[in-house]
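# Architecture and fold: a report
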Number of protein chains: 2
Amino acid sequence: MQRKYLAKIHVTLRPSVLDPAGVAVQSGLQQLGYDNVEQVRIGKYIELIIVSPDEKKARQDLNNICDQMLSNPVIENYRFDLIEVESQTGVF
Amino acid sequence: MQRKYLAKIHVTLRPSVLDPAGVAVQSGLQQLGYDNVEQVRIGKYIELIIVSPDEKKARQDLNNICDQMLSNPVIENYRFDLIEVESQTGVF
């Protein structure tokens with residue numbers, strides 16, 4: 001039997017990697033008067049549905065998918081949560 | 001006294017909005033052999049530190065920041081969690 005899992009994936013820059021987009025946002029916020037904001041870092045948030053016989057296989061596939069397509073392992077980390085869902089459930 | 005809050009912000013496309021990048025990723029995954037992946041949607045995940053006298057003021061500022069700079073309210077939703085942190089805590 002196939003099960004459906006909703007994956008909530010966070011892809012974030014490694015701590016040692018500079019984030020020019022984050023710096024730009026912080027600078028823009030300062031110009032808007034928000035000088036109380038620090039350390040803006042911008043990552044990706046991905047939701048998808050994965051169909052798999054069990055959670056272990058779904059996790060294996062997701063690790064491969066994150067390594068191969070969703071993240072750049074040289075500069076990014078990823079983590080994900082898996083939730084088993086009913087057939088009709090969708091992502092955001 | 002000023003407090004420090006770590007904000008974890010998710011910016012996601014509204015459900016009615018098409019996500020061409022998500023469709024492209026799904027199509028790429030299919031070409032890699034992952035035909036068990038559906039409904040890929042790509043959003044943003046932002047972390048920042050906000051300094052504020054209390055949580056209420058931090059939330060007010062963050063709502064304005066999300067509306068004005070981090071999201072496009074026409075096509076995107078946002079949500080955030082706030083965690084009070086020690087002075088030396090950093091984002092990802």
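Presented here is an overview of the structure given in this document. (Residues numbered from 1 in each chain as written. Chains lettered and ligands numbered in written order. Predicted model: local features only at pLDDT ≥ 70, side-chain atom pairs only at ≥ 80, totals over all residues. Heavy atoms only, no water.)

## Remarks on helix α2 (residues 55–70) of chain B
Between its first and last C-alpha atoms α2(B) spans 20 Å; for 16 residues at 1.5 Å apiece the expected length is 22 Å, and the helix comes up short by more than 12%. Listed as buried for α2(B) are B:A58, B:D61, B:L62, B:I65, B:C66 and B:L70. Along the axis of α2(B), the buried residues cluster in a sector spanning 140°; they form a single face. In this structure, the buried residues of α2(B) make contact with α1 (20–31) and β2 (37–52) of chain A together with β1 (3–13), β2 (37–52) and β3 (76–85) of chain B. (Helix = DSSP H or I, 4+ residues; strand = E, 2+ residues; numbered from the N terminus. Expected span 1.5 Å × (residues − 1). Buried < 20%, exposed > 50% of the residue type's maximum accessible area, 1.4 Å probe, protein only. Arc of directions from axis to C-beta. Contact = heavy atoms within 4.5 Å.)

## Digging into the pattern of salt bridges
All names here are of chain A. Under the definition given, this model contains 8 salt bridges over all chains. A salt bridge links R3 to E84; the nearest nitrogen and oxygen atoms lie 3.1 Å apart. One end of the pair, R3, is in strand β1 (residues 3–13); the other, E84, is in strand β3 (residues 76–85), and 81 residues separate them in sequence. For R3, a relative accessible area of 34% gives the class partly exposed. Judged by its relative accessible area of 45%, E84 is partly exposed. (Salt bridge = Lys/Arg side-chain N within 4 Å of Asp/Glu carboxyl O.)

## Topic: the interface of chain A and chain B
Each partner contributes residues to the interface: chain A has 36 residues there, and chain B has 36 residues. Counting each side, the surface lost to burial between chain A and chain B is near 3,300 Å², with a carbon and sulfur contribution of 62%. On the surface where chain A and chain B come into contact, there are 2 salt bridges. Viewed at the interface, chain B and chain A are joined by 17 residue pairs in polar contact (both at pLDDT 80 or more). Elements supplying a minimum of two residues to the side of chain A that touches chain B: β1, α1, β2 and α2 (55–70) of chain A. The greatest single-element share of the side of chain A that touches chain B, amounting to 15 residues, is contributed by β2(A). (Buried area = accessible area lost by both parts, 1.4 Å probe. Polar contact = N/O pair within 3.5 Å; in protein donor to acceptor, adjacent residues only side chain to side chain.)

## Some words on α2(A)
Residue pairs spaced three or four apart in an α-helix point in one direction, given the helix's 3.6 residues per turn. Buried positions along α2(A) lie against β1, β2 and β3 of chain A together with α1 (20–31) and β2 of chain B. Two to three positions downstream of the cap, the backbone nitrogen of A:K56 sits 3.1 Å from a side-chain oxygen, assigning the N-cap of α2(A) to A:D54.

## A word on the pairing of β2(A)
In terms of burial, β2(A) is largely enclosed, as 12 of its 16 residues are buried. Across 9 bridges, β1(A) lies against β2(A) in antiparallel orientation. Considered in β2(A), the bridge of A:L6 is made with A:I49. Relative to β2(B), β2(A) runs antiparallel, the two being bridged by 11 bridges. Each residue of the ladder has a partner; that of A:I50, found in β2(B), is B:V37. (Pairing = 2+ DSSP bridges.)

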